[in-house]
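# Notes for the structure review
The chain contents come next:
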Amino acid sequence: MKARLLVCSRDSVFYNTAQYLSKLLSSLGTTASSFIKDSGEFCEKLQNIPNPGRMVSYDVVDLFTNVPREEALKILRKRIDSLDNPLETYLSTDNIILLLKQCISSTYFSWGDDFYEQTNGLPMGSPLSPLISEIFLTDLEEKALQTSTVTPTCFFRQVDDTFVIINQQDDPETLLQHLNRQHPRIKFTMETENDNQLPFLDVCVSKTNNSIRTGVYRKPTHTDQYIHFKSNHPNSVKSATISTLVNRAKKICDPESLSKEIDHLKHVFTNFNGYPEKFVTNTINKTLSASAAKPKTPLPQSESSFLSTAKSPTKSKGY
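Residues numbered from 1 in each chain as written. Predicted model: local features only at pLDDT ≥ 70, side-chain atom pairs only at ≥ 80, totals over all residues. Heavy atoms only, no water.

### Re the overall build of the protein
When you go through the protein residue by residue, the secondary structure sums to 10 helices and nine strands. Looking at the protein as a whole, 41% of its 319 residues are labelled buried. A fraction of 73% describes how many contacts in the protein between residues 6 or more apart in sequence connect residues 24 or more apart. Carbon and sulfur atoms form 51% of the exposed surface of the protein, whose accessible area is close to 18500 Å². (Helix = DSSP H or I, 4+ residues; strand = E, 2+ residues; numbered from the N terminus. Buried < 20%, exposed > 50% of the residue type's maximum accessible area, 1.4 Å probe, protein only. Contact = heavy atoms within 4.5 Å. Areas by Shrake-Rupley, 256 points an atom, 1.4 Å probe, with all protein chains shown as cover.)

Spelled out as structure tokens, the structure:
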């Protein structure tokens, strides 16, 4: 039986260090031309693509546990050294790499009465793993696209999921084989469009009259079951459930798909989850008319705060 190793690193010896380093280096994980923050940004970028060709999705198999540590750290070192503006830290590049190595290699855990160590890849559960994986995969895909005989019209990726549009005459299998030759541990799978449609994240991307349309995607196993109106939750929680789904629809749906999605939400909450029709309608109308909230700016964490809260090995719980 195949299983994924997932160990929470919270309260471990290097957790605070990993948290600090992930914030310090976070800007390095958003520089790729393929990077997309969320499904809303993905849909915005799709609107700039005229006459779309063939849609394909390439997904990395077990990304975190297959990222080669030493290679990833070498790439990260080059990225730090090539920065126009140095990082806001007193730590040298050597010290940063040393701390990173300690954080991602201290992967001990217990199963039953036995203790184990993860010897390959990055630990799932560490704050650093998404960042290091992103930097490594950015380097891999940039080199792959520079040497590929297939030139994609677009190449968007979030973590290990990639959305690609290629010319109709190009073979998606050719690009798949090229990607799989880049590194012995990094392997991709492929899904092609079906009936001019392809799901990516929670978006259903479709082609109509040489243009792209976007709507909400739900897996076949989705049940449309949410918090029932008779459940012991305050009405604020119930209205927030509806508002969250409406806001998602506003971000990713084109005008025609948005209308259908709103009708779907009204039907689901009134017929499957026991909500009064007036409650649902008022919540939806209020959400649709509300202006977009301004994003909050997170407070910076100083180095002195990091150093004062870093835990010593004697205080950690360990695994």
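### Description of the packing of aromatic side chains
Under the counting rule described, the total for this entry stands at nine aromatic pairs. Between F163 and F200, the ring centres sit 5.7 Å apart and the planes meet at 55°, which makes this aromatic pair tilted. Residue F163 is located in strand β5 (residues 161-166), and its partner F200 is located in strand β7 (residues 197-200); the two are separated by 37 residues in the primary sequence. You'll find F163 and F200 in the same group, each marked buried. Ring geometry for F229 against F279: centres 5.3 Å apart, planes inclined by 70°, an arrangement best described as edge-to-face. On the criterion of sequence distance, the pair formed by F229 in the loop between β9 (211-216) and α7 (235-252) and F279 in helix α9 (residues 277-289) is long-range, its members being 50 residues apart. Put simply, the rings of Y226, F229, F269, Y275 and F279 pair up and form one aromatic cluster. (Phe/Tyr/Trp six-rings, centres within 6.5 Å; stacked < 30°, edge-to-face > 60°.)

### Some thoughts on the packing of helix α8 (residues 255-271) against α9
With their axes 9 Å apart at the nearest point, α8 and α9 run at an angle of 145° to one another. By crossing handedness, the relation of α8 to α9 is classed as right-handed. Residues I262, K266, F269 and T270 of α8 form the contact with α9, whose participating residues are E277, V280, I284 and L288. Considering only residue class, the contact of α8 with α9 consists of five nonpolar, one polar and two charged. (Axes fitted to C-alpha atoms, helices over the stretch in contact; angles between N-to-C directions. Left-handed = near helix turned anticlockwise from the far one by under 90°. Nonpolar A, V, L, I, M, F, W, Y, C, P; charged D, E, K, R; others polar.)

### A word on the nonpolar core
In a soluble, globular protein the nonpolar side chains are often hidden away together inside. With 42 residues, the main nonpolar core has L21, L25, Y58, I96, L100, I186 and F188 as its most contacted residues. Within the residue set of this core, elements represented by two or more residues are α1 (15-24), β1 (54-60), α3 (69-81), α4 (93-105), α5 (129-147), β5 and α6 (172-180). In contact with I96, other than residues within four places in its own chain, are L21, L24, L25, I80, L87, T89 and L91. Counting residues in each nonpolar core, the second largest holds 19 residues, with I36, L46, M55 and I165 among its members. (Core = buried A, V, L, I, M, F, W, Y, C linked by side-chain atoms within 4.5 Å.)

### Observations regarding the confidence of the model for the protein
Chain-level pLDDT for the protein is 89 on average; 89% of the residues reach the 70-or-more range. Across residues 299-319 the pLDDT falls below 50, and counting only partners more than four positions away or on other chains, this stretch makes 29 contacts in the model. (pLDDT = per-residue confidence, 0-100.)

### Let's talk about the packing of α3 against α5
Contact geometry of α3 with α5 gives a least axis separation of 9 Å together with a crossing angle of 85°. In this view, α3 runs roughly perpendicular relative to α5, as classed from their interaxial angle. Together, E71, A72, I75, L76 and R79 of α3 and I132, I135, F136 and D139 of α5 make up the contact between the two elements. Of the residues in the contact of α3 with α5, the class split is six nonpolar, no polar and three charged. (Parallel < 35°, antiparallel > 145°, perpendicular 65-115°, else oblique.)

### Some remarks on the side chain of T241
Checked against the element boundaries, T241 lands in helix α7. Those residues in contact with T241 that lie beyond four places of it in its chain are Y226, I227 and F269.

### What to know about the sheet that holds β5
Taken together, four strands build an open sheet; the order of strands is β4-β5-β1-β6 and the sheet is antiparallel. Each of the sheet's edge strands pairs with one partner strand only, and the pair in question is β4 (154-158) and β6 (188-192). This sheet shows a mean twist of 20° between the axes of neighbouring strands, independent of strand direction. Pairing geometry for β1 and β6, over five bridges, is antiparallel. (Pairing = 2+ DSSP bridges.)

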